[in-house]
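The lines below spell out each chain.
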Amino acid sequence: MANHKNQHYVPQFYLRNFSSDGKTIGMLLKGKNLTVPNAPIANQCSENFFYGNQELESALGKIESKTSSVIKKVLEDKGLSNEDLSYLKQFTIIQTYRTLQAAKRIKAILGSLLSKQPITDQEKTLYEEASTVGDKNSDVILYSLKSAISNEPYTEFWDIAILCNTTKVPFITSDNPSLFFNAYQLYRREPFGYRTPGAEIYMPISSQYAVFLYDSLIYGVEEQDANTIYLEQENVLALNYHQILGANEAIYFEPGRINVQSDVYFSPKPLTFIHEL
């Protein structure tokens, strides 16, 4: 088996869905406000030995292979089976745990845990777990992905919907494309994570389509077709806004479809296709 030095934390097949030629993609470097109209996909969202070993990347590659065929069905407007939806759900959740931004987030959480003296049994358990995690990104990502597996039972009641963008404003994506948020807990001023009620995950999969996971015990959605929601422009703008906020360094878009420095409206408006039950 070839030893792949350059390991991607956002799959290349995924980024190609935002490309007009399959090789390059539009990129905006958020901190520098610099636009690159044709950035090579092979060089995006990757680091040398990011996962530390070939075995983990190979395991993720198998998930990507299954999911890429499912996403192709979505882009070709073909129906999805329950198994297809299950693969798409798994891929979307795992993607939230495997990026450079995820590593930074987990490091901050671990640092916070280790800075306090544990008192309760739960705090002591978390403290012991945190103390075993190394400082390298590969150590943190491995811990992060193990957390994804341990949290899987808590996603049993999460439903999945396909968001169809029929507007002139395309979806954009980023180097941290799968975003977790929780509108239900936001105004309750309570800490939230995958184990708290009201979870939502959004990830665009092309300029026209996105995946949306939501806690079906808390929310209802306005599906116009089987597992499909057709979005108006205000929702597309709001979801693009989340991508801009959630990006680590790079925002990606299909060249020629949008000028992210002038056409993206930074809109904090709430999503209107989802409501609390």
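In what follows, the structure referred to is the one given above.
Residues numbered from 1 in each chain as written. Predicted model: local features only at pLDDT ≥ 70, side-chain atom pairs only at ≥ 80, totals over all residues. Heavy atoms only, no water.

## Some thoughts on the side chain of Asp84
Next up, step 1: By secondary structure assignment, the location of Asp84 is in helix H3 (residues 82-95).
Next up, step 2: Here Asp84 falls in the buried class, since its relative accessible area comes to 7%.
Next up, step 3: At 3.0 Å, the side chain of Asp84 and the side chain of Lys73 are in polar contact.
Next up, step 4: In this structure Asp84 touches Val70, Lys73 and Gly79, once residues within four positions along its chain are discounted. (Helix = DSSP H or I, 4+ residues; strand = E, 2+ residues; numbered from the N terminus. Buried < 20%, exposed > 50% of the residue type's maximum accessible area, 1.4 Å probe, protein only. Polar contact = N/O pair within 3.5 Å; in protein donor to acceptor, adjacent residues only side chain to side chain. Contact = heavy atoms within 4.5 Å.)

## A short note on the environment of Phe157
Next up, step 1: You can see Phe157 is positioned in the loop between helix H6 (137-150) and strand E5 (158-165).
Next up, step 2: For Phe157, a relative accessible area of 42% corresponds to the partly exposed category.
Next up, step 3: Apart from the residues lying within four places of it in its own chain, the contact partners of Phe157 are Tyr214, Asp215, Ser216 and Leu217.

## Some remarks on the environment of Ala238
Next up, step 1: As for its position among the elements, Ala238 is in helix H8 (residues 233-246).
Next up, step 2: A residue is classified by how much of its surface remains accessible, and Ala238, at 0% relative accessible area, is buried.
Next up, step 3: Between the C-alpha atoms of Ala238 and Gln44, which are 194 residues apart in sequence, the distance is 25 Å.

## So, the sheet that holds strand E3 (residues 34-40)
Next up, step 1: Pairing is antiparallel across the open sheet formed by four strands, whose spatial order is E3-E2-E12-E6. Two strands lie at the open edges of the sheet, namely E3 and strand E6 (173-174), each paired on one side alone.
Next up, step 2: Summarising the sheet, strand E2 (residues 24-29) and strand E12 (residues 250-253) pair through four bridges and their orientation is antiparallel. Directly across from Met27, in E12, lies its bridge partner Tyr252. (Pairing = 2+ DSSP bridges.)

## What to know about H3
Next up, step 1: The terminal C-alpha atoms of H3, which comprises 14 residues, lie 20 Å apart, in line with the 20 Å expected from a rise of 1.5 Å per residue.
Next up, step 2: Within the sequence span of H3, burial applies to Asp84, Leu85, Leu88, Lys89, Phe91, Thr92, Ile93, Ile94 and Gln95.
Next up, step 3: Its buried side turned inward, H3 meets helix H1 (12-16), helix H2 (54-75), H6, E5, strand E8 (200-204) and strand E9 (209-215). (Expected span 1.5 Å × (residues − 1).)

## Let's talk about H8
Next up, step 1: The end-to-end C-alpha distance of H8, which contains 14 residues, comes to 20 Å, matching closely the 20 Å that a straight helix rising 1.5 Å per residue would cover.
Next up, step 2: Most of H8 sits out of view: 10 of its 14 residues are buried.
Next up, step 3: Taken residue by residue, H8 has Asn235, Val236, Leu237, Ala238, Leu239, Asn240, Tyr241, Gln243, Ile244 and Gly246 as its buried positions.

## Some thoughts on the packing of H2 against H3
Next up, step 1: At a minimum axis distance of 9 Å, the contact between H2 and H3 shows a crossing angle of 125 degrees. One element, H2, and the other, H3, form an angle in the oblique class. Considering how the two elements wind past one another, H2 and H3 form a crossing that is left-handed. Each of Leu60, Ile63, Glu64, Lys66, Thr67, Val70, Ile71 and Lys73 in H2 lies in contact with H3, whose residues at this interface are Asp84, Tyr87, Leu88, Gln90, Phe91 and Ile94.
Next up, step 2: A breakdown of the residues in the contact of H2 with H3 according to their chemical character gives eight nonpolar, two polar and four charged. (Axes fitted to C-alpha atoms, helices over the stretch in contact; angles between N-to-C directions. Parallel < 35°, antiparallel > 145°, perpendicular 65-115°, else oblique. Left-handed = near helix turned anticlockwise from the far one by under 90°. Nonpolar A, V, L, I, M, F, W, Y, C, P; charged D, E, K, R; others polar.)

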